[in-house]
Structures are given as structure tokens and as C-alpha cells.
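Structure assessment
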Amino acid sequence: MPDRSRSAAAFARARNVIPGGVNSPARAFGAVGGTPLFVARADGPYLYDLDGHRYLDFIGSWGPMILGHCHPAVVEAATRAVRNGSSYGAPCEAETELAELVVEAVPSVEMVRFVSSGTEAAMSAIRLARGFTGRDLVVKFAGCYHGHVDALLVSAGSSALTHGVPNSPGVPKGCTDDTLVLRYNDPQGLAELFKAKGDKVAAVMLEPVVGNMGLVPPSAEFRTELRRLTHQHGAVLIYDEVMTGFRLAYGGAQELLGDTPDVTAFGKIVGGGYPVGAFGGRADIMKKVMPAGPVFQAGTLSGNPVAMAAGVATLKELKANPPYRRLDELGAMLEAGLRAAATAAGVPHRVNRVGSMWTLFFTGTPVTDLDTAKSSDAQRFGRFFWGMMDRGVYLPCSQFEAAFLSTPMTEAHVTETAAAAREALREIAGG
Ligand code: KE4
């Protein structure tokens, strides 16, 4: 077991002044035990912790770092921007340049507004859909995560039509009374809801390919019903592409799947590792956003010039050298290696993957929704996590997260990872 005493000391110090010692619970290792690594620096596909250990990074800041860490073009763009001032509170052309790149990349997006996080993007998209339709009801799916939006922090529902129940203290029941929760990949549940309440639904929001249950792809029938029923009832279809945007294709999951939502939320990659979120879509809807229209939305650091410069550099690199085919090939190679390792260890498993996003579930059941994702052996996942960590492979610290490949990764990295998995799985199978 490598010595990680500097991280442990840093964690103890942090917990004196930061709740739980972290600025986001996703980083807290609660699901896998032990103390989180404190990162000293990152470069290319690697993270380096305070104790000097190097890790192959399959989190990539939970998605943004598709180009790996410290990509020269992004470093150069952000550094140049910093020297011209860090924030103006007034418009600058970098905002328009990034908006033009997003509009060009995603045909369903005719206009876009920048914010500072994926949560803000999802929250604003919901408010916009309610303002545009004059309706209150919002439909989400159990296991999909859209940031810490009060209205969307609701318990995982079943396939029955379920009124959301807040799953965090501090969220008043009134905030979630108009949130309906369905089972993902359940076209029947969707049809029942729209039959009962379709004319009251402002929006349906989903992750078009889910990362937040672990990786769960949508069925074609589910996607077809989503688009048909929202069209039929005048509800706004919102794709939350905070994680999948510019990740699964340059035009996001909607390009890969051939879908056309009405509004899309973005985050992560669009800021190149800097705090950027965005929401965009049909011009007739987006023109309702203040000051063009009456739906309020604002932000001090929205369109921040440094973040915009990093986003522009990132999208220009992805546009000029699309990595998606190669990331998919590397992903397929890794998927095969993980399946072979789990089979050799005699461990029940499912590997769900779309492009460079993947999850190894410890269950023999196909994982298609939250209930089946929860059938995975979380204890076994925790042992696997640490077995890989001790072999220099940094995986998401929860069964219910997707892992990500990045462009600096090579076939050799995938071979190393599969070999580490073979050893780690053999170890836990015996354990
Ligand atoms: P942020 O507010 O964290 O930028 O974005 C919220 C969000 C919205 N929509 C989707 C599909 C997301 O995946 C996220 C954030 N993802 C998590 C990881 N699953 C971020 C990690 C964290 O919370 O620290």
C-alpha cells in the first residue's frame, strides 16, 4: 500500500475549515472508504498526488478534461487571457466566439447563454421552459443528476408516476411538488404520465446518455417516445449534456444518437476545465431569456473572459482534430480488457460504454435504469477501486459515476489498465 500520508494530513487540515474537507461530496471517497487524494498537479493523462504518486486519470475532473490536463493550446489561451484582465462584468468578443462555436457544433442550438456551472445551466433551462410554456410540471428520471437544483433534488422514483420527494434537508416540499420522477428507459411510464398530465408538463429533462447512475445508454424506443410525446403535448424536451456535450461527439450525444431536443444544457468540456455552463436551443425559446425576453437569468462571472478563452481553445482543438473515433476504439479495447479480466476472475459484471464513457458494474443483471444499477455489489466496487488505485489507476470513487478516457491516453495505457484490473479483480474475487 503506497504511503499517502501527505494527502491524509492535508485532508485532516481541510476538514477543520471545509465541510467534510472537500468542496464537492463527489470527491469525498464516502462510497469507497479511505481518505481522498490531494492532487499536487496534473499533466496529460496523469494526476500526481502530494506524496508524489502518479495515477492514470479516468475521472478527468468528472468529464471536462477530454484533452487531458495542461493541453498546450488551452494553457496558452487561458494565460494570454489572464494578462488582459480576469473579469470585466461587461461583454467581450470571446463570449460571442464561444457561442458561435457552440451554435455551429450543435444544430438544435440556435442561441446560447453562458453561466458558470452545469447546475446553473440546468436550473436556468427549467425556469426558461416553465416561462416559455406557462406550465409548472417538470419530469425527470430516477438516477439522472442535473446538479444541485432544488427542484431536481428529488428521490429516485419508480416507474409509477411519482411526485418528487426532496432527498436533501433544506429543500422545501413546495420546491419539488411540481417535479415528477419516472424510471429511465421506461417508455410505458412516460406514456402513462403524458396521458394523465401531458398538457400540464413544462419540460422533460434527462441525460441523453446517463453518466450519473454509472453509464446507462438510452433505448431507441425511449428516445422516440420522449420526442413524440413532448412534441404532441407542447412540452420542452431538455437534454442535459453537461457531461456528454462535446464528449460523445463534437455535437454531443444528440449528434451521436440523431436526436433534436428543444433545449440543451452544457458544462464541463465547454469551459475546458474552467467554470462554464451554458443553456441553448430553439431561438423562439431562447428569446424569452432576459433582456431579450421576460425570463430572468443573470451571473457576475457568466462569460468570464479567461473561461471563454479556455473553452474556445478546447472546442477549436476538438473541431480541428476530432478524437471521437479514436476514443471509441480505445474505449472498445478497454471494455474488452475489463470483460476478460472479470470473466477470468469469475466475478459477475456488466460493462456499459458509449464512446469514451464507461462503467464496470459488479452485477450479472443488464444495467438499464437506477434499480438495476443498484443491483451492483458496491462493496466489491470499493475493493476494486482501491486495488486499481494502488496500481496507479484513478477511477471514479463511486459505482454510480462514469469513467472517462482522454486524448493523451494510448493503447499502452489501456493495456496497463486492463492488466491492473486483472490483478485487482483476481484479488477481490478471492477476498
Ligand atoms: P456542475 O454544477 O457540477 O458543474 O454540473 C452539474 C451537473 C449537471 N448535469 C450533469 C449531467 C452532471 O453530470 C453534472 C455534474 N456531474 C458531477 C459528476 N457526476 C460533477 C461532480 C461533482 O458534483 O463534484
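What helix α6 (residues 187–197) keeps buried is the set P187, G189, L190, L193 and F194. Projected down its long axis, α6 carries its buried residues within an arc of 160 degrees, all on one side. Of the exposed residues in α6, the ones pointing more than 90 degrees away from its buried face are Q188, K195 and A196. Residues of α6 that are buried make contact with β5 (137–141), β7 (179–182), β8 (201–206) and α7 (220–233).

As a further point, take the pairing of β7. Judged by which residues are buried, β7 turns out to be covered on both faces: T179 and V181 on one side and L180 and L182 on the other are all buried. The sheet contact formed by β5 and β7 spans four bridges and is parallel. Bridge assignment links F141 to a residue of β7, and that residue is L182.

Turning our eyes to something else, we now look at the sheet that holds strand β15 (residues 403–404). The pairing of strands in a sheet comes from backbone hydrogen bonds and takes either a parallel or an antiparallel form. The strand order across the open sheet built from three strands is β12-β13-β15, with neighbouring strands paired in antiparallel fashion. For this open sheet the edge positions go to β12 (350–354) and β15, each flanked by a neighbour on one side alone. On the sheet, helix α11 (residues 324–345) packs against β12 and β13 (357–361) and is oriented at approximately 180 degrees with respect to β12.

A full pass over the atoms with the stated rule returns 18 salt bridges. Notably, a salt bridge pairs R4 with D390, separated by 3.0 Å at the nearest N-O pair. One end of the pair, R4, is in the segment before α1 (5–14); the other, D390, is in the loop between α13 (378–389) and β14 (393–394), and 386 residues separate them in sequence. Residue class for R4 comes out buried when judged on its relative accessible area of 12%.

Scoring rules and cut-offs
- Residues take numbers from 1 onward in each chain, read along the sequence in its written order.
- For this predicted model, a pLDDT threshold of at least 70 governs which residues receive local features, and a threshold of 80 or more governs which side-chain atom pairs are given and counted, while totals over whole chains, interfaces and linings are taken from all residues.
- Note that the side-chain values use all heavy atoms of the structure and ignore hydrogens as well as water.
- Under the scheme applied here, a residue whose accessible area is under 20% of the maximum for its type counts as buried, over 50% as exposed, and between as partly exposed, the area being computed with a 1.4 Å probe on protein chains only.
- In this text, helices come from DSSP runs of H or I with a minimum length of four residues, and strands from runs of E with a minimum of two, each type numbered from the N-terminal end.
- To be clear, the arc concerns the directions from the helix axis to the C-beta atoms.
- In what follows, a contact means two residues having at least one pair of non-hydrogen atoms within 4.5 Å.
- A pair of strands is labelled paired if DSSP reports no fewer than 2 bridges between them.
- Where helices are involved, their axes are fitted lines through C-alpha atoms of the stretch in contact, as for all axes, and angles between N-to-C directions lie from 0 to 180°.
- One speaks of a salt bridge when a side-chain nitrogen belonging to Lys or Arg is within 4 Å of a carboxyl oxygen belonging to Asp or Glu.

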